[in-house]
Amino acid sequence: MGNKKDTENEMVIEFDGRPSNEGFARVALAAFCTQLNPTLEEVADIKTALSEAITNAIIHGYEGEVHKIRIECRIKENTIYVTVKDTGKGIADIERAMQPMYTTKPELERSGMGFVFMEAFMDRVRVESTPGQGTAVHMEKIIGR
């Protein structure tokens, strides 16, 4: 009891990339992070960042087609690590895609602020992507600052 192993935990979920599954993913992640005893604000931040990543995968990665989205979560000490993966079209220019107001779909009235929101609500955001193969958004948040 009480050894370092107790501070690590992992969860993986995979689901169809449909807007109707976003709420399920948010609740699953919120439930998983409760073991860190986060504030309501911290939970809301994590859920908002997750929603943005899922929405990006659905709208941009899969362009409305239904394919799997995978969420990998890991807790280590007081930090939650969340990775959202898709196998969609990928991002050719990650740096440009992460700029405020940049969007490839202006007709959808999306704000182009998805990555900006992720960066605002999480402590660290890193994006890996290969055109034609998919994208992984890695996010970290320290709980109980």
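What counts, and at which threshold
Residues numbered from 1 in each chain as written. Predicted model: local features only at pLDDT ≥ 70, side-chain atom pairs only at ≥ 80, totals over all residues. Heavy atoms only, no water. Phe/Tyr/Trp six-rings, centres within 6.5 Å; stacked < 30°, edge-to-face > 60°. Buried < 20%, exposed > 50% of the residue type's maximum accessible area, 1.4 Å probe, protein only. Helix = DSSP H or I, 4+ residues; strand = E, 2+ residues; numbered from the N terminus. Pairing = 2+ DSSP bridges. Axes fitted to C-alpha atoms, helices over the stretch in contact; angles between N-to-C directions. Contact = heavy atoms within 4.5 Å.

A. Expanded view of the packing of aromatic side chains. Inspection of every chain in the model, using the stated rule, returns two aromatic pairs. Seen from their ring centres, F15 and F24 are 6.0 Å apart, and the 85 degrees between their planes marks the pair as edge-to-face. F24 sits in the partly exposed class, given a relative accessible area of 43%. Look at F117 and F121: their rings are 6.4 Å apart centre to centre, the planes differ by 35 degrees, and that puts the pair in the tilted class. A residue pair is termed a helical-turn pair when its members lie 3 or 4 positions apart in one helix, as F117 and F121 do in helix α4 (residues 114–121) at four residues.

B. Molecular detail of the sheet that holds strand β4 (residues 124–130). The five strands lie next to each other as β1-β2-β3-β5-β4, forming an open sheet whose pairing is antiparallel. With partners counted over all chains shown, the strands left at the sheet margins are β1 (8–16) and β4, one partner each. Pairs of neighbouring strands in the sheet enclose a mean axial angle of 10 degrees, with direction left out of account. Pairing geometry for β4 and strand β5 (residues 134–142), over seven bridges, is antiparallel. If you follow E128 over to β5, its bridge partner there is A136. Against the sheet, helix α1 (residues 22–33) engages β1, β2 (68–76) and β3 (79–86), with an angle of about 175 degrees to β1.

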